[in-house]
Amino acid sequence: MAILTEKNTPARLAAKGAQGVYKEHLPISYDKDAEEGRKGYPAAKYPHYLPTWDPAQKYPPLEPFEHHDPGLDADTSYSELLPPGVQVTHLTPTIGTEIRGIQLSQLSAAGKDQLARYVAERKVVAFRAQDFASLPIDKAVDFARYFGPLHIHPTSGSPEGFPEVHLVHRAAGDRSAQAYLETRTTSVAWHSDVSYEAQPPGTTFLYILEKPETGGDTLFCDNVQAYRRLSPAIQERLHGLEVVHSGVEQANTSLSRGGILRREPVVSTHPIVRTHPVTGEKALFVNPQSGREVVGLKQEESSMLLKFLYDHIASGADFQVRVRWEENSVVVWDNRVTQHTALIDWSDGQRRHIARLAPLAEKPYETPFAEI
């Protein structure tokens, strides 16, 4: 199978068939009999959400668009999102909140504006006892589309007829977790989603369909705090630097496994420090899954700097949060100012089935350095 190459990039890159560089948790296929309960496993609770891979799905390149973040229009009293009686529990001082007592699917436009603003401030918010999984899929898709054009993932499985829904699915009877860890010491893989796009996602939604008995949590990192922890001298040096983000390796990984490619891969450059359009906060915007090199630096310099930033984010337990999945949860996070990683730590053979909706946002930009 032909290997895709990166063309006309601002950096001197050449994809060399780096299958496996971008770590995908998704299987290319699954055992249909097991999913339908014919091999001793419970049948899928939401069979209409099982992944499909249609090679006929082909989409043109994404077109630039003007993004107006709904959070800019929000009433910061949060009177609709957090009315009296709603239970709010902050998980850490700067990132992570659990909310009970409000139904997201019932929010008005004003409530959705407040949601975008609140998530920008708290970085990741877990809403419990939600009805998203039980809604017709088109209703969930329409809800998320309020926050921006929905991203169609180039390689992942999606429910039939709904390519906008990215499925994070480890099938019933799947015994690959142990095999995966035979060649790796950990399943942790920090990243921000599809940062190779010219306008990556902003306010992003995950909702649980089925979960293992225990384990399978998701970790999130506050990249605003990660930036603030750096010395002013390092902060200032990072301003003006850009990183090349490549989707080529992910595309090659899919093709090498017999998967699909809905859209030709792209390569984009983004600032290492980006500014949030609503809060004005600065955050590190680097991605070990698709980041390739710092523009203008020599190879050794680029590798040293990126490794330092990746290690800084990965080791920052004091600006991370672990979100535990509960039935009927919807987790909303701001992809612009966080990183996350799934954990493969549950017993083999149990299903973990999650849907993601990723509205695209503005092209990353930075504002001038100002010492805090």
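Residues numbered from 1 in each chain as written. Predicted model: local features only at pLDDT ≥ 70, side-chain atom pairs only at ≥ 80, totals over all residues. Heavy atoms only, no water.

You'll find the protein chain entered in an unreviewed UniProt entry as TauD/TfdA-like domain-containing protein, with Aspergillus tubingensis given as the organism. Quoted verbatim from the Sequence similarities (unreviewed entry) field of the UniProt record, the comment on the protein chain reads "Belongs to the TfdA dioxygenase family." (UniProt positions renumbered as here; feature names shortened; annotations may be inferred.)

Student: Explain helix H2 (residues 109-122) residue by residue, including any values.
Tutor: Taking 1.5 Å per residue, 14 residues should reach 20 Å; H2 reaches 20 Å between its end C-alpha atoms and fits that length. H2 sits mainly inside the fold: 11 of its 14 residues count as buried. Burial in H2 covers these residues: Gly111, Lys112, Asp113, Gln114, Leu115, Ala116, Arg117, Tyr118, Val119, Ala120 and Arg122. Packing partners of the buried residues in H2 comprise strand S1 (87-90), strand S2 (97-100), strand S3 (124-127), helix H3 (137-145), strand S5 (203-210) and strand S13 (330-334). At the C-terminal side of H2, Lys123 shows a positive phi close to 75°. (Helix = DSSP H or I, 4+ residues; strand = E, 2+ residues; numbered from the N terminus. Expected span 1.5 Å × (residues − 1). Buried < 20%, exposed > 50% of the residue type's maximum accessible area, 1.4 Å probe, protein only. Contact = heavy atoms within 4.5 Å.)

Student: Mind laying out the packing of aromatic side chains, listing which residues take part and the relevant values?
Tutor: Summed over the entire model, instances satisfying the criterion amount to 10 aromatic pairs. Measuring from centroid to centroid gives 5.9 Å for Tyr49 and Tyr207, while their planes differ by 80°, and the two rings are edge-to-face. With Tyr49 in the loop between helix H1 (32-35) and S1 and Tyr207 in strand S5, the pair connects residues that are 158 residues apart, well separated along the chain. Here Tyr49 matches Tyr207 in class, with each residue buried. With a centroid separation of 5.2 Å and 55° between ring planes, the pair formed by Phe147 and Phe205 is classed as tilted. In this pair, Phe147 is assigned in the loop between H3 and strand S4 (166-170) and Phe205 in strand S5, connecting sequence segments 58 residues apart. (Phe/Tyr/Trp six-rings, centres within 6.5 Å; stacked < 30°, edge-to-face > 60°.)

Student: Tell me what's going on with the nonpolar core, and back it up with residues and numbers.
Tutor: Formed by 34 residues in total, the largest nonpolar core has its most connected members in Leu115 and Tyr207. For this core, the secondary structure elements donating two or more residues are H2, S3, H3, S5, S13 and strand S15 (352-357). At five residues, the largest contribution of residues to this core is made by H3. Contact partners of Leu115, with chain neighbours within four places excluded, come to Leu81, Leu104, Leu107, Phe127, Phe143, Phe147 and Phe205. (Core = buried A, V, L, I, M, F, W, Y, C linked by side-chain atoms within 4.5 Å.)

Student: Let's hear about the sheet that holds strand S14 (residues 338-342): which residues, and what values?
Tutor: If you walk across this open sheet you meet the three strands as S12-S6-S14, and the pairing is antiparallel. One side of each edge strand has no neighbouring strand; the edge strands of this open sheet are strand S12 (320-323) and S14. Between one strand and the next, the sheet's axes are offset by a mean angle of 20°, whatever the strand orientation. Summarising the sheet, strand S6 (residues 218-222) and S12 pair through four bridges and their orientation is antiparallel. (Pairing = 2+ DSSP bridges. Axes fitted to C-alpha atoms, helices over the stretch in contact; angles between N-to-C directions.)

Student: Can you explain the pattern of salt bridges? Please cite residues and give values.
Tutor: This structure, assessed with the given rule, holds 22 salt bridges. A salt bridge links Glu281 to Lys123, with the nearest nitrogen and oxygen atoms 3.1 Å apart. Of the two residues, Glu281 sits in the loop between strand S9 (273-275) and strand S10 (282-284) while Lys123 sits in the loop between H2 and S3, which places them 158 residues apart along the sequence. For the residue pair Glu281 and Lys123, the accessibility class agrees, reading buried in each case. Linking Arg145 and Glu164 is a salt bridge whose minimum nitrogen-to-oxygen distance equals 3.5 Å. Of this pair, Arg145 sits in helix H3 while Glu164 sits in the loop between H3 and S4, and the two are 19 residues apart along the sequence. Exposure remark for Glu164: the relative accessible area of 17% places this residue in the buried category. (Salt bridge = Lys/Arg side-chain N within 4 Å of Asp/Glu carboxyl O.)

Student: I'd like a description of the side chain of Thr97, backed by residues and values.
Tutor: Within the secondary structure, Thr97 sits in strand S2. With a relative accessible area of 1%, Thr97 lands in the buried category. Reaching out from Thr97, the side chain makes a polar contact with the side chain of Arg122 at a distance of 2.7 Å. (Polar contact = N/O pair within 3.5 Å; in protein donor to acceptor, adjacent residues only side chain to side chain.)

Student: Describe unusual backbone geometry, with residues and values.
Tutor: One non-glycine residue, Tyr78, lies in positive phi territory at about 55°. Within the fold, Tyr78 resides in the loop between H1 and S1. Phi is positive for Val194, close to 40°, though the residue is something other than glycine. Position of Val194 relative to the elements: it lies in the loop between helix H4 (176-181) and S5.

Student: Please provide a residue-by-residue account of the sheet that holds strand S7 (residues 242-246), values included.
Tutor: The antiparallel open sheet is built from three strands, whose spatial order is S8-S7-S11. Both edges of this open sheet fall to strand S8 (267-271) and strand S11 (291-294), since each of them pairs with a single strand only. For this sheet the average axis-to-axis angle between neighbouring strands, irrespective of direction, equals 30°. Relative to S11, S7 runs antiparallel, the two being bridged by three bridges. Its bridge partner being in S11, Val244 is matched across the sheet by Glu293. This element, helix H8 (residues 299-314), spans S7 and S11 of the sheet and lies at about 125° to S11.

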